[in-house]
Amino acid sequence: MPDTTPFRRILLKLSGEALAAPDGYWLHPPTLAGLAEDIARTIEAGAEIAIVVGGGNMIRGARISAAGWIDRATGDSLGMMATVMNSLAIETALNAAGVQARTMSAVSMPTICETYARQPALHHLDKGQVVVLAGGTGNPFFTTDTAAVLRAAELRCDAVLKATQVDGVYSADPKTDPSATRYDRITHDEAIARDLKVMDTAAFALARESKLSILVGSLHPPSSIAAILSGEAPSTLVAP
């Protein structure tokens, strides 16, 4: 990773769906191993990384509550537990790749993982460990996108790297609209005004208030975390 990159401490935001197997099973070990190797290479290049992962490969609170058989707060609590399971899987894959990692959960589960607190998390990052941040914000009605921006601001990160299925932010869904164009750079205000769905409005608003940059890119080969950070792979920068 060239020294010219302005980003050194990164909050990597992963969707839960990115960890799922092609057959729909909720975890895919080869994907986890590849992700861990990518993170290891990025750390060797000098980056510091914290991770927030969603739980959509297992359950989405908003979706099941919309079905009417469970209330939203309970559904979101189930989703928070799903993020803990994903986070522990990522921690295990990172350790297997030779990367020291700690899972910290906003929902206290002391027999399973460390409870999130800002100062211990900063200490782990300063020691070069990857901190995997589970449990979202610890509260219902907030997405893991908002949790990612919140933790990035708390942990003095230089940017949030949102890993998606496409290589940036588009004017429309490129999978369904062939005329969609990719933005190289937009502001937080533009992302909110255009109702771009890559992150929710609360996440963009918090990033704007915190003056925190967001990089949106794809981790599908040949792209990688280091390539996105160095500008070698296409991405969109959302910045003030």
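Parameters and conventions
- Residues numbered from 1 in each chain as written.
- Predicted model: local features only at pLDDT ≥ 70, side-chain atom pairs only at ≥ 80, totals over all residues.
- Heavy atoms only, no water.
- Phe/Tyr/Trp six-rings, centres within 6.5 Å; stacked < 30°, edge-to-face > 60°.
- Lys NZ or Arg CZ within 6 Å of the ring centre and 35° of its normal.
- Helix = DSSP H or I, 4+ residues; strand = E, 2+ residues; numbered from the N terminus.
- Pairing = 2+ DSSP bridges.
- Contact = heavy atoms within 4.5 Å.
- Axes fitted to C-alpha atoms, helices over the stretch in contact; angles between N-to-C directions.
- Buried < 20%, exposed > 50% of the residue type's maximum accessible area, 1.4 Å probe, protein only.
- Arc of directions from axis to C-beta.
- Polar contact = N/O pair within 3.5 Å; in protein donor to acceptor, adjacent residues only side chain to side chain.
- Core = buried A, V, L, I, M, F, W, Y, C linked by side-chain atoms within 4.5 Å.
- UniProt positions renumbered as here; feature names shortened; annotations may be inferred.
- 1 Å grid on protein atoms, 1.4 Å probe; cavity = no way out; pocket = protein on both sides within 12 Å on 5 of 7 lines; lining within 4 Å.
- Parallel < 35°, antiparallel > 145°, perpendicular 65-115°, else oblique.
- Left-handed = near helix turned anticlockwise from the far one by under 90°.
- Nonpolar A, V, L, I, M, F, W, Y, C, P; charged D, E, K, R; others polar.

What follows concerns the packing of aromatic side chains. Tallied over the full model, the rule gives 1 aromatic pair. Pairing Tyr 25 with Trp 26 gives two aromatic rings, centres 6.1 Å apart and planes at 50°, and the pair type is tilted. Over the ring of Tyr 116 we find Arg 151; its NZ or CZ atom is 4.0 Å from the centre of that ring.

In this fold, Ala 18 is placed in the loop between strand 1 (9-14) and helix 1 (29-44). Residues Ala 18 and Gly 55, spaced 37 residues apart in sequence, show a C-alpha to C-alpha distance of 9.9 Å.

On to the sheet that holds strand 6 (residues 159-164), then. Taken in spatial order, the 9 strands make up an open sheet running 4-3-5-2-1-6-10-11-9, and their pairing is mixed. Pairing within the sheet leaves two strands with one partner each, and these edge strands are strand 4 (114-115) and strand 9 (185-186). The sheet contact formed by strand 10 (residues 213-218) and strand 11 (residues 236-238) spans 3 bridges and is antiparallel. Note on strand 11: the bridge partner recorded for Ile 214 is Val 238. Across the sheet, helix 4 (residues 118-126) touches strand 1, strand 2 (48-53), strand 3 (101-105), strand 4 and strand 5 (130-134), and the angle it forms with strand 3 is around 165°. Contacting strand 1, strand 2, strand 5 and strand 6, helix 5 (residues 144-154) crosses the sheet at an angle of about 170° to strand 1.

In this structure, Asp 195 takes a positive phi of about 55° despite not being glycine. As for its placement among the helices and strands, Asp 195 is situated in the loop between helix 6 (188-193) and helix 7 (201-210). Unlike most non-glycine residues, Lys 211 shows phi in positive territory, near 55°. Among the secondary structure elements, Lys 211 is positioned in the loop between helix 7 and strand 10.

Here helix 7 has its buried residues at Ala 203, Phe 204 and Ala 207. Each buried residue of helix 7 sits inside an arc of 95° when the element is viewed along its axis, so together they form one side. As for helix 7, its buried residues are in contact with helix 5, helix 6, strand 10 and strand 11. One side-chain oxygen at the N-terminal end of helix 7 lies 3.1 Å from the backbone nitrogen of Ala 202; it belongs to Asp 200. Residue Lys 211 follows helix 7 closely and has a positive phi angle near 55°.

Counting residues in hydrophobic clusters, the biggest one holds 34 residues, and the most contacted among them are Leu 12, Leu 14, Ile 39, Ile 51, Ile 90, Leu 94 and Val 130. Of the residues forming this core, the biggest block, 5 residues, is contributed by helix 1. Beyond its immediate chain neighbours, meaning those up to four positions away, Leu 12 contacts Leu 35, Ile 39, Ile 49, Ala 50, Ile 51, Val 52, Leu 161, Ala 163, Leu 219 and Ile 225. The next biggest cluster of nonpolar side chains, apart from the first, holds 30 residues, and it includes Val 52, Ala 152, Val 160 and Tyr 183.

Before going further, it helps to examine the UniProt feature "binding site: ATP" (unreviewed entry) in the chain. In the numbering used here, UniProt assigns the "binding site: ATP" (unreviewed entry) feature to Lys 13, Leu 14, Ser 15, Gly 16, Gly 56, Arg 60, Thr 164, Gln 165, Tyr 170 and Asp 173. Considering the C-alpha atoms alone, the annotated residues occupy 161 residues of sequence and remain spread out, their largest mutual distance being 24.3 Å. Of the annotated set, the members that line the largest pocket are Lys 13, Ser 15, Gly 16, Gly 56, Arg 60, Thr 164, Gln 165, Tyr 170 and Asp 173. Here Leu 14 is to be found in strand 1. The class for Leu 14 is buried, based on a relative accessible area of 4%. The contacts of Leu 14, once residues within four sequence positions are left out, are Leu 35, Ile 51, Val 52, Val 53, Gly 54, Ile 90, Ala 163 and Leu 219. With respect to the secondary-structure elements, Arg 60 resides in the loop between strand 2 and helix 2 (61-66).

It is worth spelling out the packing of helix 5 against helix 7 at this point. Helix packing for two helices is described by the angle between their axes and how far apart those axes are. Put simply, helix 5 and helix 7 touch, their axes get as near as 8 Å, and they point 15° apart. Relative to helix 7, the element helix 5 lies roughly parallel. For the pair helix 5 and helix 7, the crossing hand works out as left-handed. Residue-level inspection shows Asp 145, Thr 146, Val 149, Leu 150 and Ala 153 of helix 5 in contact with helix 7, the latter providing Ala 202, Ala 203, Leu 206, Ala 207 and Ser 210. Looking at side-chain class alone, the contact of helix 5 with helix 7 contains 7 nonpolar, 2 polar and 1 charged residues.

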